[in-house]
Amino acid sequence: MTKTIHWNYFFAIEDDLATLSRYVEFHEDNFAAYSIETAKILMTAVQEVDVLLKSICGHYGAPAANIRDYHDLMMVKHPNIREAQVTVAQHSLVRIPFSSWSATTPPAWWTANNHVKHARDTKFGSASLENAIDAVSGLLIANMYHHGIVQGGKHFDIPRAPRVFNIRWFARGITGAQHHLVYGIQKK
């Protein structure tokens, strides 16, 4: 597996989100809008967050059966994940996708994914634009943590800059120290 496989997957999902922004303005007035495309983006992003959090738990030798296990590990090792902010660059939106995560309540976008996955006929509205944006924001954050924890450090290259998000969101490092992750764009 290449070191950029998870980044490449993020960028593919983010590209879908960027394309969606051509048709639906990323504005709070439209946050309740839902479609097959928002459902696809939501579900794909949440599944990749699941993969990354499971890998982080595995790195520490911690249980990794579900979102509660991920929460237990992250709140002990990396509680600042709840403060991590992502800026939707062209739309001046600041998202904090893990802010409401607790031992009993997953992030809203995680729950929305389960609604769409298990009760699509009655809860398809959970595939909202807001949940799709927050899920992809959460994926960016999970990628940053995964890279810093599992793949080896705060200095790294990514294949390219994000199109939708401002990557300079990370005010606290993965260990909680006051520093910024340093990244570069890989040169071809």
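What you are looking at is a predicted structure, and each value in this text was computed from that prediction instead of being measured.

Caption draft 1: Just the overall build of the protein, in detail. Scanning the protein from terminus to terminus reveals 6 helices and 5 strands. Counting over 188 residues, the protein shows a buried share of 48%. Across the protein, the fraction of contacts at a sequence separation of at least 24, relative to all contacts at a separation of at least 6, is 73%.

Caption draft 2: Quick look at the nonpolar core. Membership of the largest hydrophobic core comes to 52 residues, with the highest contact counts inside it found for Leu17, Phe26, Met74, Trp101 and Phe165. Contributing elements (two or more residues each) for this core: α1 (5-20), α2 (36-60), α3 (67-77), β1 (86-88), α4 (108-118) and α6 (129-149). Per-element accounting of this core gives the leading share, 12 residues, to α6. Setting aside anything within four residues of it in sequence, one finds Trp101 in contact with Leu53, Ile67, Tyr70, His71, Met74, Met75, Ile81, Arg82, Pro106 and Pro107.

Caption draft 3: The arrangement of the packing of aromatic side chains in detail. According to the stated counting rule, one finds 9 aromatic pairs in the structure shown. With a centroid separation of 6.3 Å and an interplanar angle of 65 degrees, the aromatic rings of Trp109 and Trp110 are classed as edge-to-face. Trp110 gets classed as buried once you look at its relative accessible area, which sits at 8%. Grouped by ring-pair contacts, the aromatic residues Tyr70, Phe98, Trp101, Trp109 and Trp110 constitute a single cluster.

Caption draft 4: Representation of the packing of α2 against α6 in the model. Viewed as axis vectors pointing N to C, α2 and α6 meet at an angle of 25 degrees, and their least axial separation amounts to 8 Å. Considered as vectors, α2 and α6 are oriented roughly parallel to each other. Note on packing geometry: the crossing formed by α2 with α6 is left-handed. Residue-level contacts link Thr38, Ile41, Leu42, Ala45, Val46, Glu48, Val49, Leu52, Ser55, Ile56, His59 and Tyr60 of α2 to Leu129, Asn131, Ala132, Ala135, Val136, Gly138, Leu139, Ala142, Asn143, Tyr145, His146 and Ile149 of α6. Its residues assigned to classes, the contact of α2 with α6 comprises 16 nonpolar, 7 polar and 1 charged.

Caption draft 5: Quick look at the sheet that holds strand β2 (residues 93-95). The strand order β2-β1-β4 describes an open sheet built from 3 strands, whose pairing is antiparallel. The sheet terminates laterally at β2 and β4 (165-166), the two strands that pair on one side only. Two strands pair when backbone bridges link them, and β1 and β2 are joined in this way by 3 bridges, in the antiparallel orientation. If you follow Val86 over to β2, its bridge partner there is Arg95.

Caption draft 6: Here's a closer look at α6. Along its 21 residues, α6 runs 30 Å from first to last C-alpha, staying within 8% of the 30 Å computed at 1.5 Å per residue. In terms of burial, α6 is largely enclosed, as 20 of its 21 residues are buried.

Caption draft 7: The arrangement of α4 in detail. Along α4, the residues classified as buried are Trp109, Trp110, Ala112, Asn113 and Val116. Here the buried residues of α4 occupy an arc of 160 degrees about the axis, which is enough to place them on one side. Contacts from the buried residues of α4 go to α2, α3, α5 (120-123) and α6.

What counts, and where the lines are drawn
- Residues numbered from 1 in each chain as written.
- Predicted model: local features only at pLDDT ≥ 70, side-chain atom pairs only at ≥ 80, totals over all residues.
- Heavy atoms only, no water.
- Helix = DSSP H or I, 4+ residues; strand = E, 2+ residues; numbered from the N terminus.
- Buried < 20%, exposed > 50% of the residue type's maximum accessible area, 1.4 Å probe, protein only.
- Contact = heavy atoms within 4.5 Å.
- Core = buried A, V, L, I, M, F, W, Y, C linked by side-chain atoms within 4.5 Å.
- Phe/Tyr/Trp six-rings, centres within 6.5 Å; stacked < 30°, edge-to-face > 60°.
- Axes fitted to C-alpha atoms, helices over the stretch in contact; angles between N-to-C directions.
- Parallel < 35°, antiparallel > 145°, perpendicular 65-115°, else oblique.
- Left-handed = near helix turned anticlockwise from the far one by under 90°.
- Nonpolar A, V, L, I, M, F, W, Y, C, P; charged D, E, K, R; others polar.
- Pairing = 2+ DSSP bridges.
- Expected span 1.5 Å × (residues − 1).
- Arc of directions from axis to C-beta.

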